[in-house]
Amino acid sequence: MKPLKASFTALLCLFLLMPLPPSFAQFPPPPATATIAFDFRQFAPYAPDFVSPWTTLGYEIGSFHTNYAGFERVLRDYAARSERLRVFERGRTEEHRTLYTLVISAPKNLARLEAIKADAARLADPRQLSDEAAEPLIQNLPIIVWLAYSIHGNESAAFEAMLEVLYTLVASQHPTITELLDQTVVVINPCQNPDGHERFVTWYNAVGMGRPEPFAIEHREPWSIYGRLNHYLFDLNRDLVIASQIESQSAMQAFLEWHPQVCADHHGQTVNYFFPPAALPINPNLDRGQSDKWLEIFGRGNAAAFDRHGWQYYVRDVFDLFYPGYWDSWSSLNGATGMTYETDGGGWKGLNWRRDDESILTLRDGIARHFTASLATLQTAATHRVERLRDYRAFFVRSIAEGRQGPLQCVVFPPEGDAGRRQRLVEALLHQGVEIQMAKAPFTLKAVHDYFGGVQPTREFPAGTLMVTFDQPRGRMARALLEPDTRQDQAFIERQLEKARRNTKRGPNAPKEETEFYDITAWSLPLALDVPAYWAGSRPTVQTTPVTSVVPPMPQPPPPAKTAYVFGYTSDAEAKLALRLLQEGYRLATAVRPLRAGERTYPRGSFILRTERNPETLHTRLPCWPANVGLKCSPSIRPTRTPVSRVLDRKVFTRCAHRALPSLPRKASARLHTERCGLCCPETSGWSLRPSRSRPSWICASVSSMYSFCRMAHRERTGGLLARKASSGSSSGAAKAGH
């Protein structure tokens, strides 16, 4: 039996090992590729006062992933030594990492940096600059180029390439670089997603061995790491419409401050390198003549640089310029030539990746391509500086002129509906640099359309109505965000319909052609935020005052209650207040039937805070929250001194969040649970609810859908109906790599 058992064991081991590739049992060096010979020091000589990032960090480029602290170590050294570099801090992430804007140019340009910014702002507002005064300014102004890296934290080649670009621009003494910096001001967003990047590189550096096999663990990023997303698991390259995250808000503010004429956003990982021209559909609010012209120019500039190295690349495919929440589309709607660059190496492909033809793609390859595209973009911008600046101003001239024509010239927001949602929409528009006016007196508009297809011959609007007219520099951006429906290119639609027809003929089980929709196809802000709005083909003739900020008045705190505090559930602010109370452990009840407190009747679904069931701190803490969530305390929060038995009989109130009421009939109860799921959102967007350490269960959603989720969950549990139909203006599919 023993020989038989030994033979069986040997056969079993042989059977288990047979399917494995020969490379599983050994660590062969990756085959040499052309990119291994890429010379990152092609712009020598370098100033002796500067050492390369990799000398400081202690490893070769592309052999290890750099963490954010390593980048800051390099940055501090360069900032202390360089006459070409200025470093600006623009905020901190939720994990307390500093967000930077780096400005690099020739010392003579940095000496007049504020004047350059002011002149660029004048170009972006033709109302302040005549044609005669603009031309001399254009001839002498350096072109401003925005280079952004690692908005998706696990697209790691971009972050490493940024370090190499930074070193080259601050240290190289090569004539190409010095002449380039004379003509350009380079604004670098070094890492828009430090928190996601840190999650990814910490994980990869811990498990990565440089194995090229696709099944190796280092190519299987866990869902709990997923560095593409920020701290709140939000895709920052979808956030520029609503600007819900601090990383987006600070970057948008910096972009609008510097007024760049060119924007390149570095991503990864595609099969080969991608750069524009972009694919259809193109947002119809863009100037197609300008957009197509400059994407072609920059694309050919990149192509020439790549051809010198024999690298493969592609254009168009699925990377469109339709949704204004991408950095390329958003920057294009702000007058820049906005572009997405996608490299092939790095990210989830790791240090080494075996392609289907057995060749090895490396992180170093991906860095080299991004580095080359960045420098080629700067060279193209410098070469076409005057022409690009001239077209930049023309973009805003045409934006103002187009705003005075056509069937959609203004959108008005009367003081109706949920004030909190209206305030949120105003905040979103102000983040975009859109000009908003408030009417000082009532006015009338003709041929007024609502957002559901209705038309009124005339309609009167009261004083206090907000309005956005499109005859302004940011008119194209305003229209893109506010128009009820954004039309797609007819040729693109026909191509998708033809694919659908062919797929139908193939039958249900046959392979299908994929459509070319990237992901988001609808986003109209009034619909997404459920704000009453109307549009018209004329502009109001009424005195207005500009709206420059949203500062809600401080509400008066409610007087102390003897029995209970009662507040309704008719707005998002009240929902946020309820969440805040639960977050801090207060016991909150909800009515399943209408109740009367004092002289006011509250509908079912209203919230009740009983003083006898909560600590004394309730009286001091409650007045602190309403202002933060945009809620007026009076009369929204009403204290009552009426005995509880008269205000809340046993058929009216429900079980509290933490304590059951034995005498309550079962059919009349609906519990308010705390922290069974976390709706995660930064404090900057108004509210936040984090799960407890003992129950870390998370759900992530967009800001607009969070409110709808809370309202739906609460009203359904209490048997009520939604106060209004929850509407969302955007539909999205699965996110694809890169963009």
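These numbers were taken from a predicted model, which means no experiment stands behind them. Here the residue index of a chain counts from 1 through its sequence in written order. Predicted model: local features are reported for residues with pLDDT of at least 70 only, side-chain atom pairs are reported and counted for 80 or more only, and whole-chain, interface and lining totals are derived from all residues. Only hydrogens and water are set aside when side-chain values are computed; all heavy atoms of the structure are taken into account.

Asks: Can you explain the overall build of the chain? Please cite residues and give values.
Replies: In terms of helices and strands, the chain carries 23 helices and 25 strands. Of the contacts made within the chain by residues no fewer than 6 positions apart, 79% connect residues no fewer than 24 positions apart. Secondary structure elements follow DSSP: runs of H or I no shorter than four residues count as helices, runs of E no shorter than two count as strands, and numbering proceeds from the N terminus. We call two residues contacting when some pair of their heavy atoms lies within 4.5 Å.

Asks: Tell me what's going on with the pairing of strand β2 (residues 98-104), and back it up with residues and numbers.
Replies: Exposure classes here rest on a 1.4 Å probe applied to the protein chains alone. A residue is buried below 20% of its type maximum, exposed above 50%, and partly exposed in between. The buried fraction of β2 is high, at 7 of 7 residues. Burial of the side chains of β2 extends over both faces: Thr-98, Tyr-100, Leu-102 and Ile-104 are buried on one face and Leu-99, Thr-101 and Val-103 on the other. Think of it this way: DSSP has to see at least two bridges between two strands before they count as a pair. Of the pairings in the sheet, the one linking strand β1 (residues 85-92) to β2 comprises 7 bridges and is antiparallel in character. For Val-87, the partnering residue across the bridge sits in β2 and is Leu-102. Where β1 folds back onto β2 in an antiparallel hairpin, the turn is made up of 5 residues, including His-96, whose phi is positive at roughly 65°. Sheet topology note: the β2/strand β4 (residues 184-189) ladder contains 3 bridges and is antiparallel. Within the sheet, the bridge partner assigned to Leu-102 lies in β4 and is Ile-188.

Asks: Explain the pattern of salt bridges to me, and be specific about the residues and the numbers.
Replies: Throughout this description, the term salt bridge denotes a Lys or Arg side-chain nitrogen within 4 Å of a carboxyl oxygen of Asp or Glu. Taken as a whole and judged by the stated rule, the model has 40 salt bridges. Of the charged contacts in the structure, one is a salt bridge between Glu-95 and Arg-97, with a shortest N-O distance of 2.6 Å. For Glu-95, a relative accessible area of 28% gives the class partly exposed. Close ionic contact of Glu-114 with Lys-117 constitutes a salt bridge, the shortest N to O distance being 3.8 Å. Residue Glu-114 and its partner Lys-117 are both found in helix α5 (residues 113-123); the two are separated by 3 residues, about one turn of the helix. Sharing partners across several salt bridges, the network here consists of Glu-155, Arg-228, Asp-235, Arg-238 and Asp-519.

Asks: Mind laying out helix α11 (residues 288-307), listing which residues take part and the relevant values?
Replies: A helix is expected to span 1.5 Å for every residue after the first. With 20 residues, α11 should reach 28 Å at 1.5 Å per residue; the first-to-last C-alpha distance of 27 Å fits that figure. For α11, the full list of buried residues reads Gln-290, Ser-291, Trp-294, Leu-295, Phe-298, Gly-299, Gly-301, Asn-302, Ala-303, Ala-305 and Phe-306. Of the surrounding elements, those touching the buried residues of α11 are β5 (262-268), β6 (273-282), β7 (313-321), β8 (337-343), α13 (363-383) and α14 (385-402).

Asks: Tell me about the pairing of strand β3 (residues 143-149), and name the residues and values.
Replies: Counting buried positions along β3 gives 7 out of 7 residues, so the element sits mostly inside the fold. Taking every second residue as pointing to the same face, both faces of β3 are buried, with Ile-143, Val-145, Leu-147 and Tyr-149 on one and Ile-144, Trp-146 and Ala-148 on the other. Bridging between β3 and β4 involves 6 bridges; their strand directions are parallel. Bridge pairing links Ile-144 to Val-185 in β4. Across 5 bridges, β3 lies against β5 in parallel orientation. Note on β5: the bridge partner recorded for Trp-146 is Cys-263.

Asks: How would you explain the environment of Pro-594 if you had to name every residue and give the values?
Replies: Checked against the element boundaries, Pro-594 lands in the loop between β19 (589-590) and β20 (595-597). A sequence separation of 11 residues divides Pro-594 from Gly-605, and the C-alpha atoms of the two residues are 8.1 Å apart.

Asks: Describe the packing of aromatic side chains, with residues and values.
Replies: Two rings belonging to Phe, Tyr or Trp (six-membered ring only in the last case) form a pair when the distance between their centres is within 6.5 Å. Interplanar angles under 30 degrees mark stacking, angles over 60 mark edge-to-face geometry, and anything in between is tilted. Under the counting rule described, the total for this entry stands at 45 aromatic pairs. Ring centres of Phe-71 and Phe-159 lie 5.8 Å apart, and the angle between their planes is 75°; this geometry places the pair in the edge-to-face category. Of the two residues, Phe-71 is situated in helix α3 (residues 68-81) and Phe-159 in helix α7 (residues 156-171); the sequence distance between them amounts to 88 residues. There is no split in this pair, since Phe-71 and Phe-159 are both buried. Ring centres of Trp-146 and Phe-255 lie 5.2 Å apart, and the angle between their planes is 65°; on these two criteria the pair is classed as edge-to-face. Here Phe-255 lies in helix α10 (residues 246-258) and Trp-146 lies in strand β3, a separation of 109 residues in the sequence.

Asks: Account for α5, with residues named and values stated.
Replies: Within α5, burial applies to Leu-113, Ile-116, Lys-117, Asp-119, Ala-120 and Leu-123. For α5, the angular spread of buried residues about the axis comes to 165°, placing them on one side. Note that the arc is defined by the directions from the helix axis to the C-beta atoms.

Asks: Please give an account of the packing of α7 against α13 that cites residues and values.
Replies: Helix axes are fitted to C-alpha atoms over the stretch in contact, other axes to C-alpha atoms as well, and angles between N-to-C directions run from 0 to 180 degrees. Put simply, α7 and α13 touch, their axes get as near as 8 Å, and they point 50° apart. Comparing their axes, α13 and α7 come out oblique. Crossing of α7 over α13 shows right-handed handedness. Of α13, the residues touching α7 (which contributes Ser-156, Ala-157, Ala-158, Glu-160, Ala-161, Glu-164, Val-165, Thr-168 and Leu-169) are Leu-363, Gly-366, Ile-367, His-370, Phe-371, Ser-374, Leu-375 and Leu-378. Residues are grouped as follows: nonpolar covers Ala, Val, Leu, Ile, Met, Phe, Trp, Tyr, Cys and Pro; charged covers Asp, Glu, Lys and Arg; every other residue, Gly included, is treated as polar. Among the residues making up the contact of α7 with α13, the classes are represented as 10 nonpolar, 5 polar and 2 charged. Small angles under 35 degrees read as roughly parallel and large ones over 145 as roughly antiparallel, with 65 to 115 read as roughly perpendicular and the rest as oblique. It is the rotation of the near helix from the far one that decides the hand of a crossing: anticlockwise by less than a right angle makes it left-handed, clockwise makes it right-handed.

Asks: Requested: an account of the sheet that holds strand β11 (residues 410-413), with residues and values cited.
Replies: Judged by pairing direction, the sheet is antiparallel, and its 7 strands sit side by side in the order β14-β13-β16-β11-β15-β12-β17 without closing on themselves. The two strands at the open ends of the sheet, each matched to only one other strand, are β14 (455-461) and β17 (544-547). Averaged over neighbouring strand pairs, the angle between their axes works out to 40° when direction is ignored.

Asks: Talk me through the environment of Tyr-167; I want residue IDs and the actual numbers.
Replies: With respect to the helices and strands, the residue Tyr-167 is situated in helix α7. Ignoring anything within four residues of it in the chain, the contact list for Tyr-167 reads Arg-41, Tyr-46, Phe-50, Val-51, Ser-52, Pro-53, Tyr-78 and Ser-172.

Asks: Let's hear about the side chain of Thr-377: which residues, and what values?
Replies: Structurally, Thr-377 is set in helix α13. Looking at Thr-377, the relative accessible area reads 0%, which means it is buried. For Thr-377, the residues in contact, after removing those within four places along its chain, are Val-145, Val-262, Ala-264, Phe-298, Asn-302, Met-339 and Tyr-341.

Asks: Hey, could you go over the packing of helix α8 (residues 175-183) against α13 for me, with residue numbers and the actual values?
Replies: Look at α8 against α13: their axes get within 9 Å of each other, and the N-to-C directions meet at 55°. By the angle class used here, α8 and α13 are oblique. Of the two elements, α8 crosses α13, and the hand of that crossing is left-handed. Each of Thr-176, Ile-177, Leu-180 and Gln-183 in α8 lies in contact with α13, whose residues at this interface are Leu-375, Leu-378, Gln-379 and Ala-382. Residue classes in the contact of α8 with α13 are distributed as 5 nonpolar, 3 polar and no charged.

Asks: I'd love a proper account of the confidence of the model for the chain, names of residues and values included.
Replies: Counting all residues, the mean pLDDT for the chain is 83, and 79% of those residues have values of 70 or more. Across residues 632-636 the pLDDT falls below 50, and counting only partners more than four positions away or on other chains, this stretch makes 17 contacts in the model. The predictor attaches a confidence to each residue, and that confidence, scored 0 to 100, is pLDDT.

Asks: Please give an account of unusual backbone geometry that cites residues and values.
Replies: With an omega dihedral of 20°, the bond running from Pro-276 to Pro-277 counts as a cis peptide bond. Within the element layout of this structure, Pro-277 appears in strand β6. Following Leu-280, the chain continues to Pro-281 via a peptide bond in cis, the omega torsion being 0°. Counting through the fold element by element, Pro-281 comes out in strand β6. Phi angles above zero are rare outside glycine, and His-96 is one such case at about 65°. Among the structural elements, His-96 can be located in the loop between β1 and β2. Assessed through its relative accessible area of 58%, His-96 is described here as exposed. Phi is positive for Arg-316, which is not a glycine, with a value near 60°.

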